[in-house]
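Chain residues, written in single-letter form:
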Amino acid sequence: MKAQRDVWGQTLVELARTDSRVAVVDGDLATSTKADLFADAFPDRFFEIGIAEQNMVGVAFGLSTLGFRPWLSTFGVFLTHRALDPIRMLVSQTGAPVKIAASYAGLLNGSSGKTHQDIEDLAIMRAMPGMTVIAPADAREAEAAIRWAADHDGPVYLRLARDAVSDIFSPGHVFTPGTVHVLREGNDALLVSTGVQSSRVMDAAALLAEEGIEARVVHVPCLKPVDEAALLSALSGPAPIFTIEEHSIIGGLGGLVSELVTSTTLGKTVTRLGLADAWSESAPNSYLLDKYGLSPARVAGQVRHALADD
């Protein structure tokens, strides 16, 4: 079990040994994001820009015009908010092969606090034309996504969590954009998740199973593009749908699933679990997971109560 940020730094070092296009543009957080591993191994392809996120994007775009496949390295919130305009203008509108490594994404960023939490990133980046948006479940899927993204001829937003979670996928997992994974079968409820929250949802499904409630767990690692037919197939059946994400319930996975369900004849209700239309707060990670209903016990409880009310 590894943290996704560790895997990101290690995998880029491995890729750079055989691919001279790999470069990293950092925003003064290399020791936190683990970009320092790349800096030590390839100092000539590591560019420390400092606390100047908009300039970082400009430098990365410039490098891409010279044949590089640069990675932006900083906390996700600084990219999707401070640097949103240059990402939109220079990267998305041009289709530049700039890779956005959004580290410390979501709620759980240690002691950095609410100013550093990003609970709107998936909604922002999913709305960006031409942007591939990936939220891997564990370190193994993160590595596979990094290897795919490094060779992708276009912009990629990769959501990376700070802390390690239990492994879901096997070693050697291969990432395919758009793929939907059914992690567990069940007919009583459909639990749809993305990113590292999928590990907690698997634990929640195990808790529900102890009470005789069998839930199907569906993991959506790629919010854009997504295999709509595969996702609809995974959502089929009479069981009610719950989306669970470490993100606002507006515009992210819940938005994606709701849009898809309402544009078809599936005719099902989608219950969105996540952060409501309110700002998060500074607190220990375990407290935040409980407060916003994202811990395994809280997810299981919300599903149980919803099923009892039907």
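This one's a predicted model, so the numbers in the text were calculated from it and none came from an experiment.

Novice: Account for the overall build of the protein chain, with residues named and values stated.
Specialist: Of the regular secondary structure elements, the protein chain holds 13 helices and 12 strands. The C-alpha radius of gyration computed for the protein chain amounts to 19 Å, which stays within 12% of the reference 19 Å derived for 310 residues, consistent with globular compactness. With the principal axes as the frame, the protein chain shows a C-alpha extent of 60 × 40 × 35 Å. Expressed as a percentage of contacts within the protein chain between residues at least 6 apart in sequence, the contacts between residues at least 24 apart total 78%. Accessible surface, the protein chain as shown: approximately 12,000 Å² in total, 52% of it carbon and sulfur. Taken as two groups, the 25 positive and 37 negative side-chain charges of the protein chain have centres that lie 1 Å from each other.

Novice: Could you give an account of the side chain of threonine 33, with specific residues and numbers?
Specialist: Position of threonine 33 among the secondary structure elements: in helix α2 (residues 30-33). Here the side chain of threonine 33 touches alanine 35 through a polar contact of 3.3 Å, landing on its backbone nitrogen. Side-chain polar atoms of threonine 33 contact the side chain of serine 73, separated by 2.9 Å. Setting aside residues up to four positions removed in sequence, threonine 33 forms contacts with Arg5, Trp8, Asp26, Ser73, Thr74, Phe75 and Ser103.

Novice: Which residues make up the packing of helix α1 (residues 4-18) against helix α8 (residues 139-150), and what values do they have?
Specialist: Here α1 crosses α8 at 40°, and the two axes come no closer than 9 Å. Pair α1 / α8 crosses with right-handed handedness. Mapping the contact onto sequence places Gln4, Val7, Trp8, Thr11, Leu12, Glu14 and Leu15 in α1 and Ala139, Ala142, Glu143, Ile146, Arg147 and Ala150 in α8. Taken together, the residues of the contact of α1 with α8 break down into 8 nonpolar, 2 polar and 3 charged.

Novice: For the sheet that holds strand β2 (residues 46-48), give the residues involved together with the corresponding values.
Specialist: Taking strand neighbours across the sheet as the criterion, the 7 strands line up as β2-β1-β3-β4-β6-β5-β10 in an open arrangement whose pairing is mixed. Taken across any chain shown, the strands that pair with only one partner, and hence form the sheet edges, are β2 and β10 (222-224). Looking at each pair of strands side by side, their axes are set apart by 20° on average, direction ignored.

Novice: Account for helix α4 (residues 53-65), naming residues and giving values.
Specialist: Given 3.6 residues per helical turn, the α-helix brings residues three or four places apart onto the same face. Under the 1.5 Å per step criterion, the end-to-end length of α4 is 19 Å for 13 residues, consistent within 8% with the ideal 18 Å. Restricting attention to buried positions, one finds in α4 the residues Glu53, Met56, Val57, Ala60, Leu63 and Ser64. In a view along the axis of α4, the buried residues occupy a sector of 125°, so they form one face of it. For α4, the exposed residues set more than 90 degrees away from the buried face come down to Asn55 and Thr65. Close packing links the buried residues of α4 with β1 (22-26), β2, β3 (69-75), α5 (76-82) and α6 (84-92). Glycine 67 lies just past α4 and shows a positive phi near 100°.

Novice: Go over the sheet that holds strand β8 (residues 189-193) with me, naming the residues and quoting the values.
Specialist: Here 5 strands make up an open sheet; going across it, the order is β7-β9-β8-β11-β12 and the pairing mixed. The open sheet has two edge strands, β7 (181-184) and β12 (270-275), and neither has a second partner. The average angle at which neighbouring strand axes cross in this sheet is 25°, direction not considered. In the sheet, strand β11 (residues 241-248) pairs with β12 via 5 bridges, with the strands oriented parallel.

Novice: Describe unusual backbone geometry, with residues and values.
Specialist: In this model, lysine 224 is joined to proline 225 through a cis peptide bond whose omega is -5°. Structurally, the position occupied by proline 225 is in the loop between β10 and α10 (228-234). The phi angle at aspartate 28 is positive, at roughly 70°, despite the residue not being glycine. Examined against the element boundaries, aspartate 28 turns out to sit in the loop between β1 and α2. We classify aspartate 28 as partly exposed; its relative accessible area is 45%.

Reading the values: the criteria
- Residues numbered from 1 in each chain as written.
- Predicted model: local features only at pLDDT ≥ 70, side-chain atom pairs only at ≥ 80, totals over all residues.
- Heavy atoms only, no water.
- Helix = DSSP H or I, 4+ residues; strand = E, 2+ residues; numbered from the N terminus.
- Rg over C-alpha atoms; globule rule 2.2 N^0.38 Å.
- Contact = heavy atoms within 4.5 Å.
- Areas by Shrake-Rupley, 256 points an atom, 1.4 Å probe, with all protein chains shown as cover.
- Lys, Arg positive; Asp, Glu negative; His and termini not counted.
- Charge placed at Lys NZ, Arg CZ, Asp CG, Glu CD.
- Polar contact = N/O pair within 3.5 Å; in protein donor to acceptor, adjacent residues only side chain to side chain.
- Axes fitted to C-alpha atoms, helices over the stretch in contact; angles between N-to-C directions.
- Left-handed = near helix turned anticlockwise from the far one by under 90°.
- Nonpolar A, V, L, I, M, F, W, Y, C, P; charged D, E, K, R; others polar.
- Pairing = 2+ DSSP bridges.
- Expected span 1.5 Å × (residues − 1).
- Buried < 20%, exposed > 50% of the residue type's maximum accessible area, 1.4 Å probe, protein only.
- Arc of directions from axis to C-beta.

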